[in-house]
Amino acid sequence: MPDETVPLTLPGYAHVYSGKVRDLYAPVDPASGQPRGDQLLLVASDRISAFDFILDSPIPDKGEVLTRLSLWWFSQLEDLVANHVISTDVPDAVRGRAVLVERLEMLPVECVARAYLTGGGLGEYTATGAVSGIALPAGLVDGDRLPGPIFTPSTKAPMGEHDEPIPFSAVEAEIGSDLAARVRDLTVAILKRGNEVAAARGILLADTKVEFGLRGDEVVLADEVLTPDSSRFWPADQWEPGHPQPSFDKQFVREWLTSPASGWSKSSGEAPPALPEDVVAQTRAKYVEAFERLTGETF
Ligand SMILES: C[C@H](c1ccccc1)n1cc(-c2ncnc(N)c2C#N)cn1
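Here the structure is a predicted model, which is why all the values come from computation and not from measurement. (Residues numbered from 1 in each chain as written. Predicted model: local features only at pLDDT ≥ 70, side-chain atom pairs only at ≥ 80, totals over all residues. Heavy atoms only, no water.)

## Observations concerning the overall build of the protein
How we decide: Only DSSP runs of H or I covering at least 4 residues are called helices, and only runs of E covering at least 2 are called strands; the numbering of each starts at the N terminus. A radius of gyration in this sense is built from C-alpha atoms; the matching globule rule multiplies 2.2 Å by the number of residues raised to 0.38. The buried label applies to any residue whose accessible area, calculated with a 1.4 Å probe on protein chains only, is under 20% of its type's maximum; exposed applies above 50%, and partly exposed to all values in between. For this analysis, residues touch if any pair of their heavy atoms sits within 4.5 Å. Charge assignment in this entry is limited to Lys and Arg as positive and Asp and Glu as negative, and neither His nor the chain termini are counted. Charged side chains are reduced to one point each, which is NZ for Lys, CZ for Arg, CG for Asp and CD for Glu.
Of the regular secondary structure elements, the protein holds six helices and 17 strands. Against the compact-globule benchmark of 19 Å for 299 residues, the protein has a radius of gyration of 19 Å, which places it among compact chains. Sorting the 299 residues of the protein into buried and exposed places 47% on the buried side. Taking the contacts inside the protein whose residues are at least 6 apart along the sequence as the reference set, 61% of them involve residues at least 24 apart. A distance of 2 Å separates the average location of the 26 positive side-chain charges in the protein from that of its 45 negative side-chain charges.

This is the structure in structure tokens:
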């Protein structure tokens, strides 16, 4: 199994940045030997994170499954928004789990939309009755569906830190009112469309995070879209407001890590142990199941 912690050496590409589970490269111009300024290579690893840790155990094919799912969503959303995809003609070493994309002027906002109340949004609601300054009906509980998806933006925190929620007014101050309204409306429309498709296939998308860049004046959808890494995936047949919902993709990991079998404690601050083979296999199967249910394709 390749060491997922060290960025790959890709001949013809310069490593630009490594996120928790994805890596960014730039194609090198053969004439100048310098990284091109107009394209990037997004590479999805098989790394998985849980409880804010990157686990030692990669999930085989996770990178390819999520890349193919994101590409499928980009095509499903083309009537709503342009995207940054150029090609899947990528080096053999990352084939299937990498995408050549147009380098955009990225907007400095994590565009989050929520269709259900949970996580940090629930915390804010419990404290204030609102999320991102949007007042919600009283009496909502964990997992409740919201009257309609809401835009709850946050800052782009450095890796390892948590994004901070910001009000819409802060987005307007950062990128201007017109552009703020456009990314808000697009983010909400993307989650709405995502749930129209996913609910019919037994999956609820509780929330999602998207990133936009600019191509001149045009807003372009970048990064990844509507994957289990950028969105909370819940099995629809287990939806029961009033307590934390099971995760479609990470429930096996979370349950094993918080079971006595792991010998680990969330509160220890220590890195979690490696996952047993059966938990890895079950988790891989859930990613494949999500892909096949949503796209109708066989992985
Ligand atoms: C957060 C994300 C990231 C992805 C993969 C690994 C680590 C970070 N990222 C995306 C860009 C980016 N910049 C310019 N143009 C683009 N089309 C994109 C995209 N996508 C910069 N960072």
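There's more to say after this.
## Focus: the packing of aromatic side chains
Selection criterion: A pair of aromatic rings is counted whenever rings of Phe, Tyr or Trp (Trp by its six-membered ring) have centres within 6.5 Å, and the orientation is called stacked for planes under 30 degrees apart, edge-to-face for over 60 and tilted otherwise. In our convention, an over-ring charge means Lys NZ or Arg CZ found within 6 Å of a ring centre and within 35 degrees of that ring's normal.
The tally for this structure, following the rule as stated, stands at seven aromatic pairs. Their ring planes at 75 degrees and their centres at 6.3 Å tell us that phenylalanine 151 and phenylalanine 168 sit as a pair that is edge-to-face. With phenylalanine 151 in strand S13 (residues 145–151) and phenylalanine 168 in helix H3 (residues 168–175), this pair connects stretches of sequence that are 17 residues apart. Ring pairing ties together the aromatic residues Phe51, Phe53 and Trp264, which thus form one cluster. When the ring centre of phenylalanine 248 is taken as origin, the NZ or CZ atom of lysine 286, which lies over that ring, is 4.1 Å away.

## Quick look at the UniProt feature "domain: SAICAR synthetase/ADE2 N-terminal" (unreviewed entry) in the protein
Here is the rule we go by: UniProt positions are given in the numbering used here, feature names are shortened, and annotations may be inferred rather than shown by experiment.
As recorded in UniProt, the sites labelled "domain: SAICAR synthetase/ADE2 N-terminal" (unreviewed entry) are residues 16–267. Here residues 16–267 runs as 25% helix and 27% strand, with 34 Å between its end C-alpha atoms.

## Overview of the site of the ligand
Put simply, the test is: One heavy atom within 4 Å of a molecule or strand is enough for the residue carrying it to be called near that molecule or strand. Two N or O atoms form a polar contact when they lie within 3.5 Å of each other; inside protein one atom must be a possible hydrogen donor and the other a possible acceptor, and for residues adjacent in sequence the pair counts only when both atoms belong to side chains. Working definition of accessibility: Shrake-Rupley area with a 1.4 Å probe, residue cover restricted to the visible protein chains.
Around the ligand, the structure places 16 residues, and the nearest of them are Tyr17, His84, Glu102, Leu104 and Asp223. A distance of 2.8 Å separates a nitrogen atom of the ligand from a polar atom in the backbone of glutamate 102. For the ligand, a nitrogen atom lies 2.8 Å from a polar atom in the backbone of leucine 104. Relative to its free-state accessible area of 480 Å², the ligand is covered by the protein chains to the extent of 86%. Listed by contribution, the elements that provide at least two residues to the shell around the ligand are strand S2 (22–27), strand S3 (39–44) and strand S8 (98–102).

## Quick word on the sheet that holds S13
Note the threshold: Strand pairing is defined by DSSP finding a minimum of two bridges between the two strands. The angle between two axes is taken between their N-to-C directions and runs from 0 to 180 degrees, where each axis is a line fitted to C-alpha atoms and a helix contributes only its stretch in contact.
Strand order in this open sheet of four strands is S13-S10-S14-S17, and the pairing throughout is antiparallel. The open sheet terminates on both sides in strands that have one partner only, identified here as S13 and strand S17 (231–235). Pairwise comparison of adjacent strand axes, ignoring direction, gives a mean angle of 10 degrees for this sheet. Where strand S10 (residues 111–116) and strand S14 (residues 203–210) come together, four bridges link them in antiparallel fashion. The partner of arginine 114 across the bridge, within S14, is aspartate 207. Here helix H4 (residues 177–199) sits on the sheet and contacts S10, S13 and S14; the angle it forms with S14, its principal contact strand, is near 155 degrees.

## Regarding the pairing of S2
As paired elements, strand S1 (residues 13–18) and S2 share five bridges and run antiparallel to each other. The residue of S2 that forms the bridge with serine 18 is aspartate 23. Between S1 and S2, which pair antiparallel and follow one another directly, the connecting turn spans three residues. Here S2 runs beside S3; their pairing, made up of four bridges, is antiparallel.

## Some thoughts on the confidence of the model for the protein
Worth spelling out the cut-off: Residue-level confidence of the predictor, termed pLDDT, takes values from 0 up to 100.
Summarising the model, the protein shows a mean pLDDT of 96, and 98% of its residues fall at 70 or more. Interface predicted TM-score (ipTM) for the complex: 0.98; the corresponding pTM is 0.97.

## Section: unusual backbone geometry
The backbone of aspartate 223 sits at a positive phi, close to 55 degrees, despite the residue not being glycine. Looking at where aspartate 223 falls in the secondary structure, it is placed in the loop between strand S16 (218–221) and S17. According to the relative accessible area criterion, aspartate 223 is buried, its value standing at 11%. For leucine 226, which is not glycine, the phi torsion reads 55 degrees and is therefore positive. Take leucine 226: it is sitting in the loop between S16 and S17.

## What to know about the domain arrangement of the protein
Stated precisely, the cut-off is as follows: The source of the domain bounds is an automatic or database domain assignment. Accessible area that two parts lose when put together, evaluated with a 1.4 Å probe and summed over both, is termed the buried area. Here, a salt bridge means any Lys or Arg side-chain nitrogen found within 4 Å of an Asp or Glu carboxyl oxygen.
By the assigned domains, the protein splits into domain 1 (13–102) and domain 2 (105–251). For domain 1 and domain 2, the distance between their C-alpha centroids amounts to 22 Å. Each side of the interface is counted separately: domain 1 has 26 residues, and domain 2 has 24 residues. Interface area, domain 1 with domain 2, both sides summed: about 2200 Å², of which 63% is carbon and sulfur. Looking at the side of domain 1 facing domain 2, the largest losses of area belong to Trp73, Leu80 and Val81, adding up to 25% of the total buried there. The tally of links from domain 1 across to domain 2 stands at five salt bridges. Taking the shortest distance from any N to any O, the salt bridge between arginine 193 and aspartate 79 comes out at 2.7 Å. Counting every contact that joins domain 1 to domain 2 gives 13 residue pairs in polar contact (both at pLDDT 80 or more). If you list the elements that add at least two residues to the side of domain 1 that touches domain 2, you get S1, helix H1 (62–76) and strand S6 (82–83). At eight residues, H1 tops the list of elements feeding residues into the side of domain 1 that touches domain 2.

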